[in-house]
Amino acid sequence: MKRIMRLGLGWDDPTPWKPQKSAEQKECDRQRIRELLEGIGGGDLFRPDKTFYVLDLEMGSEAFHYVMDELQKAPHLLRSPVFVVPIYSEHELSAAPLLVWHSTRYIPQCTGAGIGPYTRDCEACGAPLEQIRDLQVDMRLVGKRDVTISTHNYEFILSARLAGMLQQTDFSGFTLRPAWPCRKPYQGAPRLFQLVVTNVLPPMASPPTQFEEDEPHPKECTVCGRRTYYLKHTHFWGRIQYYAETEVYYRKEVLESAQDFNIAHERFGELRRSHQMTIISQRVYRWLREQGMKGWAAEPVYLVE
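Predicted model only: the values in this text are computed from it and were never measured.

Trainee: Lay out the overall build of the protein in plain terms, naming residues and giving numbers.
Mentor: The helix and strand tally for the protein stands at six helices and 21 strands. Each principal axis of the C-alpha atoms in the protein carries an extent, and together these give about 65 × 50 × 45 Å. When contacts within the protein are restricted to residue pairs at least 6 apart in sequence, those whose partners lie at least 24 apart make up 69%.

As structure tokens, this is what we get:
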């Protein structure tokens, strides 16, 4: 696995509401960025009138260490939050018995006149407790993707093509529920379906899975008992703060209870928007690739003794 850190660097005034730099300070910072680029072999990227640069650096590389060492001296050059993105090889993905399944497209839940709540929520914290009606989604936002996520509680929305093909397999751990357009719902045959995952995995192995210890949102409701987590994502490299989510780990025994479609025992996020990760088997991962399904991505789950 490679980890790519994206850095946004600039020498001009950072924001309108902060003290303005003097001409001398701007020139000093411009030269700092020029020297930094030259130090990693990117001197040809420098332009005297260009105020902002984006660098993608592989963590652990020589260029990464050089840039991070230089930024310890001048962290004010950073102009945006720093994120780290993992990149997995096909070998890593095809060897993992279980994988976290994501959609690459998120759409808002339909709201407005005549559209009521689709979940029964806790009166104290607002956490969803039970789904009481079918989802309604904006068909225009779904487009031709096979997999989409409704952002209300991260429900998977599937195309009729994918839903029909899934019904012909022997995959375990799921059922399907119709999803309807915002306009004129419950008319004709459904064109979309909600994936309802029925198999819940045991708790993750922690450690090594890491969770944030200090988050501003309430994490447990004393009325309904819902508890939520955040995967650890805040890290520091010296004076530089960056964001990278921890990997997901389970004990090897999880394979005894895992099915083809699974959801995590843990709920993540703010209580009223909390959701459970969807975790698929290697069999489902390969099938999705073979069928050419669009709109999804996956990350390996790691197993420990």
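Trainee: Can you break down the sheet that holds strand β8 (residues 135-137) residue by residue, with the values?
Mentor: Ordered in space as β5-β9-β10-β12-β11-β8, the six strands form an open sheet in which the pairing is mixed. The outermost strands of the open sheet, each flanked by one partner alone, are β5 (106-107) and β8. Relative to strand β10 (residues 155-159), strand β9 (residues 147-150) is paired through four bridges, and the arrangement is antiparallel. Bridge assignment links Ser 150 to a residue of β10, and that residue is Glu 155. Its contacts with the sheet put helix α5 (residues 160-167) on β9, β10, β11 (174-181) and β12 (192-197), and the angle it makes with β10 is roughly 90°.

Trainee: Can you break down the nonpolar core residue by residue, with the values?
Mentor: Trp 101, Phe 261 and Leu 288 are the most contacted members of the largest nonpolar core, which has 25 residues in total. No other element matches the four residues that helix α6 (residues 282-290) contributes to this core. Grouped together as the second largest cluster of nonpolar side chains are 24 residues, Leu 9, Val 84, Ile 240 and Ala 244 included.

Trainee: Please give an account of the packing of aromatic side chains that cites residues and values.
Mentor: Scanning the entire structure with this criterion turns up 14 aromatic pairs. Arranged with centres 5.5 Å apart and planes meeting at 85°, the rings of Phe 171 and Trp 287 form a pair that is edge-to-face. Taken together, the positions of Phe 171 in the loop between α5 and β11 and Trp 287 in helix α6 put the pair 116 residues apart, joining distant regions of the chain. For the pair shown, Phe 171 and Trp 287 are each scored as buried. Lying over the aromatic face of Trp 11, Arg 30 brings its terminal NZ or CZ to 4.8 Å of the ring centre.

Trainee: Outline the sheet that holds strand β2 (residues 52-58), listing residues and values.
Mentor: Sheet architecture is open: five strands sit in the order β2-β1-β3-β15-β14, paired in mixed fashion. Only two strands of the sheet have a single neighbouring strand rather than two, namely β2 and β14 (234-237). Between one strand axis and the next, the sheet turns by 30° as a mean value, whatever way the strands run. Judged from the four bridges that link them, β14 and strand β15 (residues 240-243) form a sheet pairing that is antiparallel. Residue His 235 lies in a different strand from β15, and its bridge partner there is Tyr 242.

Trainee: Hey, could you go over helix α2 (residues 62-73) for me, with residue numbers and the actual values?
Mentor: Residues spaced three or four apart along an α-helix face the same direction, because each turn holds 3.6 residues. If you check α2, its first and last C-alpha atoms are 18 Å apart, about what twelve residues at 1.5 Å a residue would give, namely 16 Å. All of the buried residues in α2 are Phe 64, Val 67, Met 68, Leu 71 and Gln 72. Mapping the buried residues of α2 onto a view down its axis gives an arc of 145°, with all of them on the same face. Opposite the packed face of α2, turned more than 90 degrees from it, sit the exposed residues Glu 62 and Lys 73.

Definitions and limits used
Throughout, a residue's number is its position along its own chain's written sequence, starting from 1. This being a predicted model, a pLDDT of at least 70 is required before a residue's local features are given, and a value of 80 or more before pairs of side-chain atoms are given or counted; all residues contribute to the totals for chains, interfaces and linings. Side-chain metrics rest on all non-hydrogen atoms present in the structure, leaving aside hydrogens and water. Helical segments are the DSSP runs of H or I of at least four residues, strand segments are the runs of E of at least two, and each set is numbered from the N terminus. Residues count as neighbours in contact if any of their non-hydrogen atoms are within 4.5 Å of one another. Here, strands pair whenever DSSP counts at least two bridges between them. Only the stretch in contact is used when fitting a helix axis, every axis being a line fitted to C-alpha atoms; angles between N-to-C directions are given from 0 to 180 degrees. For this analysis, a nonpolar core means a set of buried residues of the types Ala, Val, Leu, Ile, Met, Phe, Trp, Tyr and Cys, connected via side-chain atoms within 4.5 Å. Each residue is assigned to one of three classes by its accessible area relative to the maximum for its type, calculated with a 1.4 Å probe on protein chains only: buried under 20%, partly exposed between the two thresholds, exposed over 50%. Side-chain rings of Phe, Tyr and Trp, where Trp is taken by its six-membered ring, are said to pair if the distance between their centres is within 6.5 Å; with planes under 30 degrees apart they count as stacked, over 60 as edge-to-face, and otherwise as tilted. Here, a charge over a ring means that NZ of Lys or CZ of Arg falls within 6 Å of the ring centre while also lying within 35 degrees of the ring normal. Here the expected length of a helix is defined as 1.5 Å per residue gap, with one fewer gap than residues. To obtain the arc, one takes the directions from the helix axis to the C-beta atoms.

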